[in-house]
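Working through the structure, step by step
What follows is the residue order along each chain.
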Amino acid sequence: MSRQPDVTVVVAVYNTMPYLTSCLESLVGQTIGLDRLEIVAVDDGSTDGSGAELDRYAARYPETVRVLHQANSGGPAAPSNLGLDHAHGRYVFFIGSDDHLGPEALERLVAAADRWDSDVVLGRMVGTNKRYVHQAVYANTQERLDLFDSALPWSLSNTKLFRRALVERHGLRFRTDMPMGSDQPFTLEACFRADKISVLADYEYYYAVKRENAQNITYASRFEERLRCAEELVGFVAGLIEPGPRRDAVLLRHFSWEVAKLLRAEFLGLSPDVQQHVHDRIRKLAEAYLTEGVLARMAPAERLRLAVARDGDLAQLRELIGQQADKALPEVTIADGRWYAHHVGFRDPAFGYPDDWYDVTDRAGKVLARLTATELAWGRDASGARALVVTAGSPWAVLSELAPGAVRVSVGEVAGVTSVAPDGTGTVVRTDFAVDRLLAVAAANGERRVVRAEVTALGGVASAPLRTDRRVAAPRRLARRGVRLHLVTPTTNHKGQVIVAITPVTPGRFLARLRRMRPSGGK
């Protein structure tokens, strides 16, 4: 190539049709122009026509698109390295072959790198088709971003603009021994070596696509590969960055994300010997690198899980994972207005963890708001008016000790008259809904409203739909408001939520119902 392009885009490709076409179209349509752009695409042994699609684009854009074909290598690292070996641009940009760019992405990224003399530039990345992309690092445009004092460690994919001179000066390449996560060591070291890192949040630069068949390598990876990836990443960070707060800032991401995610409910589905094997390996990582600095900055659930993995046995770890997977709280201790869950290790001198590791006060309102409906019935309210009576229960006796008015049950915008009373170790909640009030706010064509409970406690307000563990219902009743008749139907929906359906009785509906009820005639 006689010219030096401003940017080389490296595309590692393996069986990504038809997404590949959208990716390539987004590249050749960049406003930076074909004369400033080089595309090096490496077909890693595709069998779905991706290689032929690449060749078609190379034939259409011979001065811009170069295609290299190789046997399948088993991951994106080897084709990415090969593409990097053939890059000529001042900058290099990596894109997943199932993703695509905003039209102005490369022009804006290169302009920012030149203007600020940046070695690495991040452009705002968004997920499509419900693909998760961590957004914290893209909160604001910043000329200078600190690797150790920002959210950058949570965004270590290689989908960034890199100064190629930096990459070659340090011999940076992708880890071919890592089937997944191979871009993170590359990106981390590039950011570690860079004199300046910048981020642009003013435009949607990169669209990360989750395929309909969920076959992106991140989603298709196996448990063992994820475990090895976590070990490799933690080990790489430890070898690159000296012990201390800077290393902790990066390890916080890997322990919170790659390691802690291995210890969720799916762990309980592994065979006992595999569980023990995984626990042993994670405990080894934690004993070596899970410092107090990392633990202090972790989210509470992940902190406790990893601490117990380090300090407890398999049975204790299994118990904790089960407790955390359960939406209901275990037994709690309430002290000085704070709630402390009796998760594994609570006030156990063998662990010695502080009480605040078990503080679930922020969840208390949501827990108290989860009422279980036990009966729907027709009755009379305190004024003698016809009313729908909703009775529900809670296993929490503390609910009956809250201030008057702290518990509110409503159908849409209509709040009922609620009373609470202790019931053994729990609380019974009764709410009367005057039928006239329900009809007064019903839409002209009828409506179905979920019954919700709202609890004001511990400085916050929480609400939840009223649910039942068995089907409950009250007979359908005909009610009049003015000259109009309505059918009021209290029942449960397919989600187990209690609902009230209000249907106006019109002449057309009345006749249609009669026709349905009348036996069909015949000769």
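Residues numbered from 1 in each chain as written. Predicted model: local features only at pLDDT ≥ 70, side-chain atom pairs only at ≥ 80, totals over all residues. Heavy atoms only, no water.

Before going further, it helps to spend a moment on the packing of aromatic side chains. How two aromatic rings sit relative to each other is set out by the distance from centre to centre and by the angle between their planes. Summed over all chains, the structure comprises 16 aromatic pairs. Between F93 and Y206 the ring centres are 6.3 Å apart and the planes differ by 40 degrees, which places this aromatic pair in the tilted class. With F93 in strand β4 (residues 91–96) and Y206 in strand β10 (residues 206–209), this pair connects stretches of sequence that are 113 residues apart. Here Y206 falls in the buried class, since its relative accessible area comes to 1%. Measuring from ring centre to ring centre gives 5.1 Å for F94 and F174, while their planes differ by 80 degrees; the resulting arrangement is edge-to-face. Pair noted here: F94 is in strand β4 and F174 is in the loop between α5 (164–169) and α6 (183–193), with a separation of 80 residues, a long-range link. Taken individually, F94 and F174 each receive the classification buried, so the pair is uniform in this respect. Sitting over the face of the ring of W116, R115 holds its NZ or CZ atom 4.8 Å from the ring centroid. Its end group placed over the ring of W257, K261 keeps NZ or CZ at 3.4 Å from the ring centre. (Phe/Tyr/Trp six-rings, centres within 6.5 Å; stacked < 30°, edge-to-face > 60°. Helix = DSSP H or I, 4+ residues; strand = E, 2+ residues; numbered from the N terminus. Buried < 20%, exposed > 50% of the residue type's maximum accessible area, 1.4 Å probe, protein only. Lys NZ or Arg CZ within 6 Å of the ring centre and 35° of its normal.)

Right, let's get into the pattern of salt bridges. Tallied over the full model, the rule gives 33 salt bridges. The salt bridge involving R124 is made with E204; its shortest N-O contact spans 3.8 Å. Pair noted here: R124 is in the loop between β6 (120–123) and β7 (125–128) and E204 is in the loop between β9 (197–200) and β10, with a separation of 80 residues, a long-range link. R124 gets classed as partly exposed once you look at its relative accessible area, which sits at 26%. The partner of R449 in a salt bridge is E447, and the shortest N-O contact between them spans 3.3 Å. With a relative accessible area of 25%, R449 lands in the partly exposed category. It is possible to trace a salt-bridge network through shared partners that takes in D6, R36, R90 and D114. (Salt bridge = Lys/Arg side-chain N within 4 Å of Asp/Glu carboxyl O.)

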